[in-house]
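Each chain, letter by letter, is given below.
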Amino acid sequence: MTRIAIISIFSIITSTLFAQARIAPELTEAWILQDRVEVLIVMKDQPDASLAWTLTSKEARGEYVHQLVTQQAARSQAPLLAYLKGKDTEYRPFSIVNAVWAKLSAEEAVEIIRLPQVERLDPNPWIEQDLGWQTTAYASSRSSIEWGVERIGSTALWAQGIRGSGAVVGGQDTGYDWSHPALNKQYRGNQGSEVSHDYHWHDAIREINPLNNEGENPCGLGTSEPCDDNNHGTHTMGTMIGDDGAGNQIGVAPEATWIACRNMERGWGSPASYIECFEFFLAPTRIDGSEPDPGMAPDVIANSWSCPEIEGCNPGNFSLMETAIDNLRASGVVVVTSAGNSGPNCETVTTPPSIFASAFATGAIASNDSIAGFSSRGPVMIDSSGRLQPQVVAPGVNVRSAVRDSGYSTFSGTSMAGPHVAGSVALLISAYPDLAGRVAEIEEIFRSSAQPMFSPQDCAGFPGNESPNAVYGQGIIDLEQAFIEADLLLSTDEAEAQAIDISVFPNPASTRLNILSDIEKIRSIEIYDLFGRRVLSLGGLDRYFSEVDLSGLVAGAYLVRLETANLSTTKRIVKR
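Numbers given for residues are sequential positions, taken from 1 along each chain in its written order. The model is predicted, so local features are restricted to residues of pLDDT at least 70 and side-chain atom pairs to those at 80 or more, both for listing and for counting; the totals for chains, interfaces and linings are taken over all residues. Processing note: side-chain calculations cover all non-hydrogen atoms of the structure and skip hydrogens and water entirely.

This next bit is on the nonpolar core. Only buried residues count toward a nonpolar core, which is a set of Ala, Val, Leu, Ile, Met, Phe, Trp, Tyr and Cys residues joined through side-chain atoms within 4.5 Å. We call a residue buried when its accessible area falls under 20% of the maximum for its residue type, exposed when it is over 50%, and partly exposed in between, using a 1.4 Å probe and counting protein chains only. With 54 residues, the main nonpolar core has Val-169, Met-237, Ile-241, Trp-258, Leu-427, Leu-435 and Phe-446 as its most contacted residues. No other element matches helix H11 (residues 414–431), which puts eight residues into this core. It only takes one pair of heavy atoms within 4.5 Å for two residues to be counted as in contact. Filtering out sequence-adjacent residues up to four positions away, Met-237 remains in contact with Val-169, Gly-170, Gly-171, Tyr-176, Leu-183, Gly-242, Trp-258 and Ile-259. Judged by nonpolar contacts, the second largest core, of 52 residues, contains Ala-204, Met-264, Val-380 and Tyr-528. A run of H or I in DSSP counts as a helix once it spans at least four residues, and a run of E counts as a strand once it spans at least two, with each numbered from the N terminus.

With a 1 Å grid spanning the protein atoms alone, the term cavity applies to any set of points in which a 1.4 Å probe fits but cannot get out, the term pocket to an open set with protein on both sides within 12 Å along at least five of seven lines, and the term lining residue to any residue with an atom within 4 Å of a point. Grid points are joined across faces, edges and corners, and a volume is the space filled by probe spheres set on the points. Considering all chains together, one arrives at one cavity of 30 Å³ or more under this definition. Computed from the structure, the largest cavity encloses a volume of approximately 70 Å³. Taken together, 11 residues form the lining of the largest cavity, with Pro-271, Cys-313, Asn-317, Leu-320 and Met-321 sitting closest to its centre. Listing elements by their share of the lining of the largest cavity, those giving two or more residues are strand E4 (118–123), helix H9 (271–282) and helix H10 (318–330). In this classification, Asp, Glu, Lys and Arg are treated as charged, Ala, Val, Leu, Ile, Met, Phe, Trp, Tyr, Cys and Pro as nonpolar, and every other residue, Gly included, as polar. Residues of the lining of the largest cavity, tallied by class, amount to eight nonpolar, two polar and one charged.

A few words on the side chain of Thr-337. Within the fold, Thr-337 resides in strand E13 (residues 334–338). Side-chain polar atoms of Thr-337 contact the side chain of Ser-354, separated by 2.7 Å. Those residues in contact with Thr-337 that sit more than four places away from it in its chain are Asn-303, Pro-353, Ser-354, Ala-359, Phe-360, Ala-361, Thr-362 and Gly-418. As used in this structure description, the phrase polar contact means that two N or O atoms lie within 3.5 Å; if the pair is within protein, one of them must be able to donate a hydrogen and the other to accept it, and residues adjacent in sequence are counted only when both atoms belong to side chains.

What makes a salt bridge here is a side-chain nitrogen of Lys or Arg within 4 Å of a carboxyl oxygen of Asp or Glu, nothing more. By the definition in use, this model includes 23 salt bridges. For Arg-163, the salt bridge identified is with Asp-243, shortest N-O distance 3.5 Å. In this pair, Arg-163 is assigned in the loop between helix H7 (154–158) and strand E7 (168–173) and Asp-243 in the loop between helix H8 (232–241) and strand E9 (257–262), connecting sequence segments 80 residues apart. A salt bridge links Arg-286 to Glu-291; the nearest nitrogen and oxygen atoms lie 3.2 Å apart. Since its relative accessible area comes to 30%, Arg-286 is described here as partly exposed.

Once that is clear, we can look at the state of the cysteines. Put simply, a disulfide is two cysteine sulfurs that come within 2.5 Å. Scanning all chains against the criterion turns up three disulfides. Between the sulfur of Cys-219 and that of Cys-227 lies a disulfide, 2.0 Å long from S to S. Between Cys-219 and Cys-227, the S-S torsion sits near -80 degrees, and that sign places the bridge as left-handed. Here Cys-346 connects covalently by a disulfide to Cys-459, the sulfurs 2.0 Å from one another.

A few words now on the confidence of the model for the chain. The quantity known as pLDDT measures the predictor's confidence residue by residue, on a range of 0 to 100. Per-residue confidence for the chain averages 90 on the pLDDT scale, and 92% of its residues sit at or above 70. When the criterion is pLDDT under 50, residues 1–6 qualifies, and its contacts beyond four places in sequence or with other chains add up to four contacts.

For two strands to be treated as a pair, DSSP must find at least two bridges joining them. Here we have four strands laid out as an open sheet, ordered E2-E3-E1-E4, and antiparallel in their pairing. Every other strand in the sheet has two partners, leaving strand E2 (91–94) and E4 as the edge strands with one partner each. Each neighbouring strand pair of the sheet contributes to a mean axis angle of 25 degrees, computed without reference to strand direction. The pairing of strand E1 (residues 37–43) with E4 spans five bridges and is classified as antiparallel. When the sheet's bridge partners are listed, Leu-40 is paired in E4 with Asp-122. Sitting on the sheet, helix H4 (residues 58–85) is in contact with E1, E2 and strand E3 (99–104), with an inclination near 175 degrees to E2. In this description, a line fitted to the C-alpha atoms serves as the axis of each element, helices being fitted only across the stretch in contact, and the angle between N-to-C directions of two axes falls anywhere from 0 to 180 degrees. Against the sheet, helix H5 (residues 106–113) engages E1, E3 and E4, with an angle of about 150 degrees to E4.

Taken together, the three strands give an open sheet; going across it, the order is E5-E11-E10, and neighbouring strands pair in antiparallel fashion. The open sheet has two edge strands with one neighbour each: strand E5 (127–128) and strand E10 (264–265). Of the strand pairs in this sheet, E5 and strand E11 (residues 268–269) are connected by two bridges, and their pairing is antiparallel. Across the sheet, residue Ile-127 finds its bridge partner in E11, namely Gly-269.

As a further point, take the layout of surface pockets. Size it by volume and the second largest pocket reaches roughly 570 Å³. At five residues, the largest contribution of residues to the lining of the second largest pocket is made by helix H3 (residues 25–33). When the residues that make up the lining of the second largest pocket are grouped by side-chain class, the tally is 10 nonpolar, five polar and seven charged.

What follows covers the pairing of strand E14 (residues 360–365). The buried fraction of E14 is high, at six of six residues. Neither face of E14 is open: one carries Phe-360, Thr-362 and Ala-364, the other Ala-361, Gly-363 and Ile-365, and all of them are buried. Relative to strand E15 (residues 392–395), E14 runs parallel, the two being bridged by four bridges. Considered in E15, the bridge of Thr-362 is made with Val-392.

In structure tokens:
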């Protein structure tokens, strides 16, 4: 590029302090080398789905969050998308975070940053993932249950007939070999005589990573059926649900079903590819991306990847990916992550998604219960939070599982530990379907039921001889104890539900809504629209029956939040 051209690029970006402060400097440097650069256009209004936590069912949570984020994105992105449609450029809007991926010129970037709805422009670079280590390959089957599956107590639940039936796991990774004998029958798109990949598979990889020098992708791009271009994804899915019925008992929940999204191109990912997969899991779509359905969302997803600062995730934009995870959790999906392979020092949990409070990060142990030397330790200091991660640990050394072309191989890494936890979530939901969607309770069950482990290693604020600590977190997951604690939790819930019953009727309602409590007096009533905005509040109540005037509300769906002295609950109503 000529000196004049370089000066022109800098003058475009730095023409106003307004543009300079909100366009990442990495983008300015990239435009010197190429005309168009991958950019994440971040909108000012980001969705807050926290009200979904007051809803009681997974279906209601998913529907609420999906409607909230899609309507907000459609409203605020409209001027931007109108602009992009008039340009000769690629773009892709997201709703789980209010952002748009696009390939922009420097001139277009300056025009876009002037739109009042736009907050900033972030880079979307690619970098190779640390996917752990392959140590041994096996061509033949084995009759024994894999050590990690046995160590966490899976077989105790199997003996009671609990093997994952009814639960759905998801994975975003390098792809998945859905024809593998250990995975094929559990694939949700496999209906025996018929196979459909709609709502069960999404490919976020549409181009060869420019940093990848390995030629054509063996799966191709934008594939219409599951394919693994690396082995890593197939291996992680095998640990969650794998069983070929012929002696290869590699999975924790062998009767659960699975869906998936490819977020890496042979181990190279980007912030946009990860966010796109999160969006798919919020509301899976047909292969062509149409007709999203939050009712098809999985119960839990495994994330055996990270987004380091060099890849574009940094303290300046952590909030974007954190928002995606927060919204997915609010919709009722447990988000399990792998803590990272940067140990053995303290404060080595340094990359998204495991640094976030909303991530259920998992460290790795060996077969003798010792922490793996590579397993990242807490606390999280990159954002100065000092929060504890990992939450728990699970088997992650010499873990044998499936690889492409009907093979089996042994890998090590926290990438292998996270799937043990995701599979455990599936077993728990299989045993107690009423737990589906109750993310916070599920996470707390696994924390409180974990087997405490201790370490001579002290990390800031977390002595190794106490539990929890920054090496093992709360300890090794224990499915037998988790099963007991889940039973206790649901028994308590049932007793409380029988003790207090609040009825809301009629529903749908026209101008009046009746609210009746059979035992406790109603203290307050608040009504929210589906954007989370409070539209009506009746405080200072102290009676068993209330009649609410809805005549001032427009027709549509609303959430009614009710409080007594001992109960807070939310009901969904429709105003005609």
